[in-house]
Amino acid sequence: AKVVHTFLKGVEALTQPYDVLVKLDADIVLPQNYFSELAKCFKDKSVGIAGGMITELKQGQWEIDHPMNEDHVRGAIKAYSKACYQAIGGLRPIMGWDTLDEHLARFYTFKVVTLPDLLAKHYRPLGRRYAGHALQKQGQAFYLMRYGLLLSLLALLKHAWVKQSIRAALLLFLGYLSSLFIRPQRAVTKAEGRFIRRYRYAAILSKLKSF
């Protein structure tokens, strides 16, 4: 949430008109043609979110680190068209904001585009080492985005498989379960929630068919 609050503070401070908003982490080094290629991409008015790919230093070599689907732009290098940003109501200050924004963009009929030839260097990839409380916040995000019990279970099982950590899955589930009792205000409307569930289930079915 603090990342989003910082970004929103910057948006509030804007005094000049803009066509595209870009959110960058401070530890990112971009290729020289990054913004010119983004500008070409956003000439297509149906594109709402776009960005390149993250590379990280592993054993002396810069390698692409993109554990998500190819239709996802990493939060460290995200760009939004003004029309899309306004349609989704800005960024929501919750864990998982960089997934929610893409779901909302699609809900409002915008495309999310990843540009695989634009490789950015990420120097301090600390976000993956979530503390326990952060994992619980991520589990809470499943509730806030109206995943529902079944989809939340599938998401945390995937997380456990990718991270090879049962503890992480349990903390995610604890965060979701606690939200069922506390019932914090949802981050999306019922209609947006239905769209998100349908999109996620369709993605799951597509992967199963490809096996």
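Shown above is the structure to which this text applies.
1. Topic: the packing of helix α6 (residues 149-163) against helix α8 (residues 190-210)
Helix packing for two helices is described by the angle between their axes and how far apart those axes are.
And step 1. α8 packs onto α6 with a crossing angle of 50 degrees between their chain directions and a minimal axis gap of 11 Å. Our classification of the angle between α6 and α8 gives oblique. The handedness of the crossing between α6 and α8 is left-handed. Note on element contacts: α8 touches α6 through R197, R200, Y201, I204 and K207, opposite L150, L151, L154 and K158.
And step 2. When grouped by side-chain class, the residues that make up the contact of α6 with α8 number five nonpolar, no polar and four charged.

2. Here's the deal with helix α1 (residues 2-12)
Residues spaced three or four apart along an α-helix face the same direction, because each turn holds 3.6 residues.
And step 1. What α1 keeps buried is the set V4, F7 and V11. An end-on view of α1 places all buried positions within 65 degrees of arc, on one side of the element. Of the exposed residues in α1, those oriented more than 90 degrees away from the buried face are K2, T6, K9 and E12.
And step 2. Lining the buried residues of α1 we find β1 (20-24), α3 (82-87) and α4 (97-107).

Basis of the calculations
- Residues numbered from 1 in each chain as written.
- Predicted model: local features only at pLDDT ≥ 70, side-chain atom pairs only at ≥ 80, totals over all residues.
- Heavy atoms only, no water.
- Axes fitted to C-alpha atoms, helices over the stretch in contact; angles between N-to-C directions.
- Helix = DSSP H or I, 4+ residues; strand = E, 2+ residues; numbered from the N terminus.
- Parallel < 35°, antiparallel > 145°, perpendicular 65-115°, else oblique.
- Left-handed = near helix turned anticlockwise from the far one by under 90°.
- Contact = heavy atoms within 4.5 Å.
- Nonpolar A, V, L, I, M, F, W, Y, C, P; charged D, E, K, R; others polar.
- Buried < 20%, exposed > 50% of the residue type's maximum accessible area, 1.4 Å probe, protein only.
- Arc of directions from axis to C-beta.

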